[in-house]
Amino acid sequence: MPLQLPKSSWSTTELEDLRELARSFLQKEAVPHQERWAAEKKADRELWTKAGEVGLLCLSIPEEYGGGGGTFAHEAVLYEEQARAGDSAWGVTVHNGIVAHYLLAYAAEEKKREWLPKLASGEMVGAIAMTEPGTGSDLQNIKTRAVRDGDHYVLNGAKTFITNGFHADLVVVACKTDPDAGAQGVSLIVVETDTPGFRRGRVLDKVGMKGQDTAELFFDDVRVPAANLLGDAEGQGFIQLMLQLPQERLIIAVTAVAGLEAAVDLTLEYTKERTAFGRPIFSFQNTKFTLAEAATEAAVARAFLDQCIERHLRGELDVQGAAMAKLWTTERVNKVIDDCVQLFGGYGYMTEYPIARAWADVRISRIFGGTSEIMKEIISRSL
């Protein structure tokens, strides 16, 4: 029997119908291909257009731009079902919850009408390029440079660890338009990847999330229209990033909690079916106590996450609250899944078992979107 947790306070009948659609789509289009995608280091490009056809892309983008007209709750349902399906290859969280919202918030009107419908249909795949080989979380000191030249910007630089990097047709690039101005010199510029001078490096070989096309990107004298600048002036990029990062961190918390719940369910099922010394593994006190702790962790994490989602839906989730959500949920999911692997014994270390893949996949959650240490620094500023 799976965990018996109360239905989320923000859930509705409409959202539960969406959950069924997302679950059936993922079971058909993602779950059977996990091994192949991991070997190829990327999901199939057709997955994006199939998702667009059934209405799973840009769920929280207004209908006038081709989106679903929903809220963050609609996105959260999709991300939860993806985590529960054990899929980490499809970079839909970046596409839907991050890239589309940068465009919605900051792109010029004609650019919104050009790009957002293509993201919603799957004709375009979106990526955001912040991290560079030498910067990590230090976004103020990025080296990628954009120089104004008439009606264009000329971009030069390199990015790494870019989700959707292999498939991306549109990349939001964090760059310096004023290299001497620190954070005030950062701007966000959109690059379409068929632009001359743009090239992709290798798809990176990661410990987990093997099927996700995380890649290096290079910009060599890439000329893009000045209209591709996000915002109405240069130097707004750092503020734009700070305003959008709370949603990104909440997305990570959503997937962490759903992944935690899924791991406990898997382990309950395994320990009740598997026997040792003539009796089910679940019957041993250590197993029961470990899973009692895990179930409690899941219940507490779910309650906190639901509170954060409610706050975000009301527009009240602040930077510190999002940092707390990401810090707590990612630290807890890493601990719980590690405990679950232990209960699987040697099989927990075999990649054909979902618990082993989950263990490897979830480790990055304490790093991307801002490390746990950065989250603590952010939280401490409000104390």
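Nothing here was measured: the structure is a model prediction, and the numbers come from that model. Every chain begins its residue count from 1, and numbering advances along the sequence as written. Restriction of local features to residues with pLDDT of at least 70 applies here, the model being predicted, together with a cutoff of 80 or more for giving and counting side-chain atom pairs; totals for whole chains, interfaces and linings are based on all residues. Here the side-chain values reflect all heavy atoms present in the structure, with hydrogen atoms and water set aside.

Enquirer: How would you sum up the overall build of the protein? Please name residues and give values.
Expert: In terms of helices and strands, the protein carries 11 helices and 9 strands. If you line up the protein on its principal axes, its C-alpha atoms span 80 × 45 × 40 Å. Across the 383 residues of the protein, 53% fall into the buried class. Contact definition: two residues touch when any of their heavy atoms are within 4.5 Å. Partitioning the intrachain contacts of the protein with sequence separation of at least 6 by distance along the chain shows that 73% fall at a separation of at least 24. Strands here mean DSSP runs of E at least two residues long; helices mean DSSP runs of H or I at least four residues long; both are numbered from the N terminus. For the exposure calls, accessible area comes from a 1.4 Å probe over protein chains only, and a residue counts as buried if that area is under 20% of its type's maximum, exposed if over 50%, partly exposed in between.

Enquirer: Describe the UniProt feature "domain: Acyl-CoA dehydrogenase/oxidase N-terminal" (unreviewed entry) in the protein, with residues and values.
Expert: In this structure's numbering, the residues bearing the UniProt feature "domain: Acyl-CoA dehydrogenase/oxidase N-terminal" (unreviewed entry) are residues 12-123. Helix makes up 66% of residues 12-123 and strand 0%, with an end-to-end C-alpha separation of 30 Å. UniProt positions are given in the numbering used here, feature names are shortened, and annotations may be inferred rather than shown by experiment.

Enquirer: Please set out the domain arrangement of the protein residue by residue, giving values where relevant.
Expert: For every domain, the bounds stem from an assignment made automatically or drawn from a database. Splitting the protein by domain gives domain 1 (13-124), domain 2 (127-234) and domain 3 (238-381). Using only C-alpha atoms to locate each centre, domain 1 and domain 2 end up separated by 22 Å. Residue-level contacts link 24 residues of domain 1 with 24 residues of domain 2. Here the buried area means the combined drop in accessible surface, using a 1.4 Å probe, for two parts upon being joined, counting both sides. Across the domain 1/domain 2 interface, buried area totals approximately 2,100 Å², and carbon plus sulfur atoms make up 65% of it. Contact with domain 2 buries area across many residues of domain 1, yet Lys41, Tyr102 and Trp115 alone supply 27% of it, more than any other trio. Salt bridges, as used here, are contacts in which a Lys or Arg side-chain nitrogen is within 4 Å of a carboxyl oxygen on Asp or Glu. At the boundary of domain 1 with domain 2, the tally comes to 1 salt bridge. With a shortest N-O distance of 3.3 Å, aspartate 169 and arginine 45 are connected by a salt bridge. Each polar contact in these results corresponds to two N or O atoms within 3.5 Å; when the atoms are within protein, one needs to be able to donate a hydrogen and the other to accept it, and residues that are neighboring in sequence are counted only if both atoms are side-chain atoms. Counting across the interface, domain 1 meets domain 2 through 9 residue pairs in polar contact (both at pLDDT 80 or more). Elements supplying a minimum of two residues to the side of domain 1 that touches domain 2: helix H2 (34-40), helix H5 (92-106) and helix H6 (109-121). Examining the composition of the side of domain 1 that touches domain 2, we find that 7 residues originate from one element, H5, more than from any other. For the side of domain 1 that touches domain 2, the class distribution of residues is 14 nonpolar, 3 polar and 7 charged. Amino acid classes used here: Ala, Val, Leu, Ile, Met, Phe, Trp, Tyr, Cys and Pro are nonpolar; Asp, Glu, Lys and Arg are charged; the rest, including Gly, are polar.

Enquirer: Account for the pattern of salt bridges, with residues named and values stated.
Expert: When their charged atoms lie close together, side chains carrying opposite charge are able to pair. Tallying each qualifying case throughout the model produces 29 salt bridges. Two residues, arginine 113 and glutamate 64, come together in a salt bridge whose shortest N-O distance is 3.1 Å. Separated by 49 residues along the polypeptide, arginine 113 in helix H6 and glutamate 64 in the loop between helix H3 (46-54) and helix H4 (72-84) bring together distant segments of the chain. With relative accessibility at 44%, the residue arginine 113 sits in the partly exposed group. Each of Glu16, Arg19, Glu20, Arg23, Glu80, Glu81, Arg84, Glu261, Arg302 and Asp306 takes part in salt bridges that share partners, so that together they form one network.

Enquirer: Give me the nonpolar core: which residues, what numbers.
Expert: Side chains of a nonpolar character, in soluble globular proteins, are inclined to be buried together. Definition used in this section: a nonpolar core is a set of buried Ala, Val, Leu, Ile, Met, Phe, Trp, Tyr and Cys residues joined via side-chain atoms within 4.5 Å. Grouped together as the largest cluster of nonpolar side chains are 68 residues, with contacts concentrated most on Trp90, Leu103, Val172 and Leu230. When residues of this core are assigned to their parent elements, the largest contribution, 8 residues, is made by H5. Apart from residues no more than four positions distant in its own chain, leucine 103 is found in contact with Lys112, Trp115, Leu116, Leu119, Leu170, Val172, Val190 and Leu230. The next biggest cluster of nonpolar side chains, apart from the first, holds 20 residues, and it includes Tyr270, Ala294, Val333 and Val336.

Enquirer: So what about the environment of valine 319? Which residues, and what values?
Expert: Within the element layout of this structure, valine 319 appears in helix H9 (residues 319-344). Given a relative accessible area of 33%, valine 319 falls into the partly exposed group. Between the C-alpha atoms of valine 319 and methionine 242, which are 77 residues apart in sequence, the distance is 8.0 Å. Once you skip the residues sitting within four places of it in the chain, valine 319 turns out to touch Met242, Pro246 and Ile378.

Enquirer: I'd like a rundown of the environment of glutamate 29, residues and numbers included.
Expert: Mapped onto the elements, glutamate 29 comes out in helix H1 (residues 13-29). Residue glutamate 29 is classed as buried on the basis of its relative accessible area of 13%. Separated by 3.2 Å, the side chains of glutamate 29 and lysine 50 make a polar contact.

Enquirer: Let's hear about H1: which residues, and what values?
Expert: Note that an α-helix has 3.6 residues per turn; residues three or four places apart therefore point the same way. Helices are assigned an expected span. That span is 1.5 Å times one less than the residue count. Over its 17 residues, H1 extends 24 Å from the first C-alpha to the last, a length consistent with the 24 Å expected when each residue adds 1.5 Å. Listed as buried for H1 are Leu15, Leu18, Arg19, Ala22, Phe25, Leu26 and Glu29. Summarising the axial view, the buried residues of H1 lie within an arc of 135°, below the 170-degree limit, and thus occupy one face. Exposed positions of H1 whose direction lies more than 90 degrees from the buried face are Thr13, Asp17 and Lys28. What the arc covers is the set of directions going from the helix axis to the C-beta atoms.

Enquirer: Break down the packing of H1 against H4 for me, with residues and values.
Expert: Every axis in this analysis is a line fitted to C-alpha atoms, fitted for helices over the stretch in contact. Angles between the N-to-C directions lie between 0 and 180 degrees. At a closest axis distance of 9 Å, the pairing of H1 and H4 adopts a crossing angle of 35°. The two elements H1 and H4 cross, and the hand of that crossing is right-handed. Residues Glu14, Leu15, Leu18, Arg19, Ala22, Arg23 and Leu26 of H1 touch H4, and the partners they reach there are Ala73, His74, Val77, Leu78, Glu80, Glu81, Gln82 and Arg84. Crossings are classed by handedness, with left-handed meaning an anticlockwise turn of the near helix from the far one by less than a right angle and right-handed meaning a clockwise turn.

Enquirer: Tell me about the packing of aromatic side chains, and name the residues and values.
Expert: Whether two aromatic rings pair depends on their centres lying within 6.5 Å, for rings of Phe, Tyr and Trp, where Trp uses its six-membered ring; planes under 30 degrees apart make the pair stacked, over 60 edge-to-face, and the rest tilted. In the structure shown here, the tally under the stated rule is 10 aromatic pairs. Aromatic pair tyrosine 102 and tyrosine 106: ring centres 6.2 Å apart, planes at 50°, arrangement tilted. Placement of both tyrosine 102 and tyrosine 106 in helix H5 is noted, with a separation of 4 residues, approximately one turn of the helix. Here tyrosine 102 falls in the buried class, since its relative accessible area comes to 0%. An aromatic cluster is defined as three or more aromatic residues linked by ring pairs; in this entry it consists of Tyr270, Phe344, Tyr347 and Tyr353. The ring of phenylalanine 218 has arginine 199 lying over it, and the distance from NZ or CZ to the ring centre is 4.6 Å. In this analysis the charged atom, NZ for Lys or CZ for Arg, is taken to sit over a ring once it is within 6 Å of the ring centre and within 35 degrees of the ring normal.

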